[in-house]
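Fold and geometry: a report
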Amino acid sequence: RAEMEQDQLDRETFSCSICLDLLKDPVTIPCGHSYCMSCIKIHWDAEDQKGIHSCPQCRETFTPRPVLKKNTMLAALVEQLKKTGLPAAPADHCYAGPEDVACDFCTGRKLKAFRSCLVCLVSYCENHLQPHLDVPGLKKHTLVEPSRNLQENICSQHDEVMKMFCRTDQTCICYLCSVEEHKGHDTVSAAAERTERQRELEERRGNIQQGIQDREKDVKLLQQEVEAINHSADKTVEDSEKIFTELIRLLQKRSSDVEQQIRSQQETEVSRVKDVQEKLEQEITELKRKDAELEQLSHTEDHSQFLLNYPSLSAKEPKGSSSIKIRPLRPFEDVTAAVSELRDLMLDVLRDSWANISLMVSEVDVLLSEPNLEPRSRAGFLKYSCEITLNPNTANTKLVLSEGNRKVRWMNHLQSYPNHPDRFTNWPQVLSRESLTGRCYWEVEWSGRVRLAAPYNNISRAGGGNECGFGGNDKSWALICSQTRLQFGHNNIWTSISAPVPSRLGVYLDHGAGLLSFYSVSDSMTLIHRVQTRFSQPLLAGVAVGSESSAEFMNLTS
């Protein structure tokens, strides 16, 4: 390992800090640092217009440009080291690929940048970054992760670093901008604005993280509820199967009992009938015998013999008609009728019971209905409060923003806003910067005539048609507020609302539940209008103000 470290040290010692390869035609400049002759020439050629030439490593300057002469001893050492077999050049993964930020100082094949300097607006590899770590003046520079967007920090008009922020126009500017076109605007240093926004960001992150924790608890609770639902459903199915099985078994037993009774009665009745039938058959036989004797006697020609035998055959015969009374056929039809009656009774019971069972199943509802999920007090709504700031790039030129872009007023004269594709050209409207999802709540104080809206970001901006006006299309929901009445509109369908007109309105959004509600703000909160729909995109907060009107989104998070 020591040999490898020594080899690497030898390579670094005899490498050019510009191209990071072994020195070629090495030259040593007055400060003592050595470079490839071609590398330092290219570097100084770029500095010729400044008239001052510097060392890329220590930044020492030279006037006039030093004459370069090959360092023969150093060249000989480099050649000797080449013969000893040095390790290969840096691995390919050290070089910048198409997706990487490349070092701006490297010539030839560039290495990956290790840091970017927000002062120099240059990206450096580890070797070229070294002066920023050693030179006292460079140590004060701000180093960040490698960035491709350093040139965005340069003012396109003045070619200066933008170190200031215009709160009026919500844009980064340079110092010259602050004393020229942004003169009189509310300007601060970019660092100060970052500090303020960082504080807001941390607060928002805190709210988001709290929201995550709350939702994670809800998810855990819902998971437990799913398990409880599954367990209850499985248990109920099992119990129902047992009950219905018992009913089926009972019906089968009753069916078997009825069958057994019928068969028993069948056997008894058949036996009785056969006894009578057998007796009758015996009587028939006897009668046939007597009939045969009488027939034989009737054919006797001897009168004396006939009269002698006739008395013995004149015994009393049974009546000519049978005394047996037969009931109508289907003797068990009354049983069938009784079973049918039982069936009808059971069907009625099952029908009524089934309706009751179905109703009980359909009424199983482990979650509260969506409207009941809304808070009932202002304190409950404030848990979901979000800070709304208005986007100057969307504001119509008849509107002026103030109070940190939370208040909007209608003006008689046009404002000199720069052209922007997001700006409303005809309607006196403005949108929020914030994209709204989940549960959000905000409050607005207003005067005159305004429209409080929740539109999609893709609402049209150019023109004066309904496709741009809040509530006049299928991309926005809006409440019109005037001193005398309230109206709610969506897709250009407007509904008058019978309610006292409040000076402060609260808007509650539950995006996932498709719920948008407007409230008159008080401790108890009075519902003015509620919309239940399905939102297909994130929403923005929006407001339109009429002549001599204003609206202010209140800061509820402080």
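Just above, that's the structure.
Residues numbered from 1 in each chain as written. Predicted model: local features only at pLDDT ≥ 70, side-chain atom pairs only at ≥ 80, totals over all residues. Heavy atoms only, no water.

1. Here we look at the overall build of the protein chain
Regarding its fold elements, the protein chain presents 10 helices and 23 strands. Taken across its 558 residues, the protein chain has 32% of its residues classed as buried. Long-range pairs, those at least 24 residues apart, make up 55% of the contacts in the protein chain with a sequence separation of at least 6. Split by element, the accessible area of the protein chain, about 35900 Å² in all, is 53% carbon and sulfur. (Helix = DSSP H or I, 4+ residues; strand = E, 2+ residues; numbered from the N terminus. Buried < 20%, exposed > 50% of the residue type's maximum accessible area, 1.4 Å probe, protein only. Contact = heavy atoms within 4.5 Å. Areas by Shrake-Rupley, 256 points an atom, 1.4 Å probe, with all protein chains shown as cover.)

2. Thoughts on helix 2 (residues 37–47)
Where helix 2 is concerned, the buried positions are Met-37, Cys-39, Ile-40, His-43, Trp-44 and Glu-47. Within helix 2, the buried residues cover an arc of 165° as seen down the axis, which keeps them to one side. On its buried side, helix 2 packs onto strand 1 (26–28), strand 2 (34–36), strand 3 (53–54) and strand 4 (61–62). (Arc of directions from axis to C-beta.)

3. Quick word on the packing of aromatic side chains
For the structure on display, the rule yields 11 aromatic pairs. Plain terms: the ring middles of Phe-424 and Phe-470 are 5.8 Å apart, the flat faces sit at 85° to each other, and that makes the pair edge-to-face. Pair noted here: Phe-424 is in the loop between strand 12 (407–410) and strand 13 (429–436) and Phe-470 is in the loop between strand 15 (450–455) and strand 16 (476–481), with a separation of 46 residues, a long-range link. Across the pair, Phe-470 and Phe-424 agree in class, each one buried. Aromatic side chains Tyr-456 and Trp-477 sit 5.5 Å apart centroid to centroid with 80° between the ring planes, which places their arrangement in the edge-to-face category. One end of the pair, Tyr-456, is in the loop between strand 15 and strand 16; the other, Trp-477, is in strand 16, with 21 residues separating them in the sequence. A relative accessible area of 4% places Trp-477 in the buried class. Each member of the aromatic cluster is reached from another via a ring pair, and the members are Phe-381, Tyr-384, Tyr-441, Tyr-508 and Tyr-519. Directly above the ring of Phe-114 sits Arg-115, whose terminal nitrogen or CZ lies 4.7 Å from the centroid. In this structure, Arg-461 is placed above the aromatic ring of Phe-424, and the distance from its NZ or CZ to the ring centre is 5.4 Å. (Phe/Tyr/Trp six-rings, centres within 6.5 Å; stacked < 30°, edge-to-face > 60°. Lys NZ or Arg CZ within 6 Å of the ring centre and 35° of its normal.)

4. Quick word on the pattern of salt bridges
This structure, assessed with the given rule, holds 23 salt bridges. Among the salt bridges present, the one from Asp-45 reaches Arg-65, with a minimum N-O distance of 2.9 Å. On the criterion of sequence distance, the pair formed by Asp-45 in helix 2 and Arg-65 in the loop between strand 4 and helix 3 (72–84) is long-range, its members being 20 residues apart. Of the charged contacts in the structure, one is a salt bridge between Glu-293 and Arg-289, with a shortest N-O distance of 2.7 Å. You can see Glu-293 and its partner Arg-289 sitting in helix 7 (residues 190–298), 4 residues apart, about one turn around the helix. Because the salt bridges share partners, they merge into one network encompassing Arg-167, Glu-193, Arg-197 and Glu-200. (Salt bridge = Lys/Arg side-chain N within 4 Å of Asp/Glu carboxyl O.)

5. Side note on the nonpolar core
Of all hydrophobic cores here, the largest spans 41 residues; its most connected members are Val-408, Trp-442, Leu-516 and Val-543. With residues near it in sequence (within four places) discarded, Trp-442 still touches Cys-386, Ile-388, Leu-436, Leu-505, Gly-506, Val-507, Leu-509, Ala-541, Phe-553 and Leu-556. Cys-36, Met-37, Cys-39 and Leu-74 belong to the second largest nonpolar core, which has 20 residues in total. (Core = buried A, V, L, I, M, F, W, Y, C linked by side-chain atoms within 4.5 Å.)

6. Looking at the pairing of strand 15
Across the 6 residues that make up strand 15, a large majority, 6, are buried. Side chains of strand 15 alternate between two faces, with Val-450, Leu-452 and Ala-454 and Arg-451, Ala-453 and Pro-455 buried alike. Where strand 15 meets strand 16, 6 bridges bridge the pair, whose relative direction is antiparallel. Pairing of Val-450 across the sheet is with Cys-481, part of strand 16. (Pairing = 2+ DSSP bridges.)

7. Focus on the sheet that holds strand 18 (residues 493–497)
The 6 strands lie next to each other as 13-22-15-16-17-18, forming an open sheet whose pairing is antiparallel. What marks the edges here is a single partner per strand, and that holds for strand 13 and strand 18. Pairs of neighbouring strands in the sheet enclose a mean axial angle of 20°, with direction left out of account. For strand 16 and strand 17 (residues 486–490), the ladder comprises 5 bridges, and the chain directions are antiparallel. Residue pairing in the sheet places Ala-478 in a bridge with Gly-489 of strand 17. (Axes fitted to C-alpha atoms, helices over the stretch in contact; angles between N-to-C directions.)

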